[in-house]
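# Descriptive structure summary
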Amino acid sequence: MRKWMWILWPSFLAAGLLSGLVFAFIDPADVLFLSSYQLDTHLVYAIGFFVFWLTAALSSMLTLALSVQSDNSLFGDEDDF
């Protein structure tokens, strides 16, 4: 459960920040789905947030998977640099 929190919590914060930044410049009322259908404003916010959250979660998951090491040091051996 702890590893899931290492993945989901930072990605949740990143998605919140990214949603705020993106929707500060893009009006959800101007977003067209499949070039003709206009979605509800709240739905665009929700879809955008969950897409950002999924993308950040995949990034965090990849980072966690690549950080598995035999020792407990944060950056590995100093000889790697």
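Only a predicted model underlies this, so the values are computations on that prediction, with no experimental measurement involved.

Each value, and the rule that gives it
- What you see as residue numbers is a count from 1 along each chain, following the sequence as written.
- Only residues with pLDDT of at least 70 are given local features in this predicted model, and only at 80 or more are side-chain atom pairs given and counted; all residues enter the totals for whole chains, interfaces and linings.
- With hydrogens and water excluded, all non-hydrogen atoms of the structure serve as input to the side-chain values.
- Per the convention used, a helix needs a DSSP run of H or I reaching at least four residues, while a strand needs a run of E reaching at least two, with both numbered from the N terminus.
- Exposure classes here rest on a 1.4 Å probe applied to the protein chains alone. A residue is buried below 20% of its type maximum, exposed above 50%, and partly exposed in between.
- Counted as a polar contact is a pair of N or O atoms within 3.5 Å, where, for protein atoms, one must be capable of donating a hydrogen and the other of accepting one, and residues adjacent in sequence contribute only when both atoms are in side chains.
- Contact between two residues is taken to exist if any of their heavy atoms lie within 4.5 Å; hydrogens are not considered.
- For the purposes of this section, nonpolar cores are sets of buried Ala, Val, Leu, Ile, Met, Phe, Trp, Tyr and Cys residues that join through side-chain atoms within 4.5 Å.
- Given a helix with a known number of residues, its expected span is that number minus one, times 1.5 Å.
- Per-residue confidence from the predictor is reported as pLDDT, which spans 0 to 100.

Moving on: the side chain of Ser11. Locating Ser11 in the fold gives a position in helix 1 (residues 2-25). By relative accessible area, which is 1% here, Ser11 ends up buried. Here the side chain of Ser11 touches Ile7 through a polar contact of 2.8 Å, landing on its backbone oxygen. The residues touching Ser11, leaving out its near neighbours within four places in the chain, are Trp53, Ala56, Ala57 and Ser60.

Further remarks concern the nonpolar core. Counting residues in hydrophobic clusters, the biggest one holds 6 residues: Ala15, Phe23, Leu39, Val44, Phe49 and Phe52. Secondary-structure elements contributing two or more residues to this core are helix 1 and helix 2 (41-66). With 3 residues, the single largest contributor to this core is helix 2. Once residues lying within four places of it in the same chain are set aside, the contact partners of Phe52 are Ala15, Leu18, Ser19, Val22 and Phe23.

What follows concerns helix 2. Under the 1.5 Å per step criterion, the end-to-end length of helix 2 is 38 Å for 26 residues, consistent within 8% with the ideal 38 Å. Inspection of helix 2 places Val44, Gly48, Phe49, Phe52, Ala56, Ala57 and Ser60 among the buried residues, and these make up the whole buried set. Taken together, the buried residues of helix 2 touch helix 1.

A few words now on the confidence of the model for the protein chain. Considering every residue of the protein chain, the mean pLDDT works out to 81; 80% of them sit at 70 or more. By mean pLDDT, the top-scoring element of the protein chain is helix 1 (91), and the lowest-scoring one is strand 1 (residues 32-33) (70).

By the secondary structure assignment, Gly16 is in helix 1. On the basis of relative accessible area, Gly16 is assigned to the partly exposed category, the value being 37%. The sequence separation of Gly16 and Phe49 amounts to 33 residues, and the corresponding C-alpha distance is 6.8 Å.

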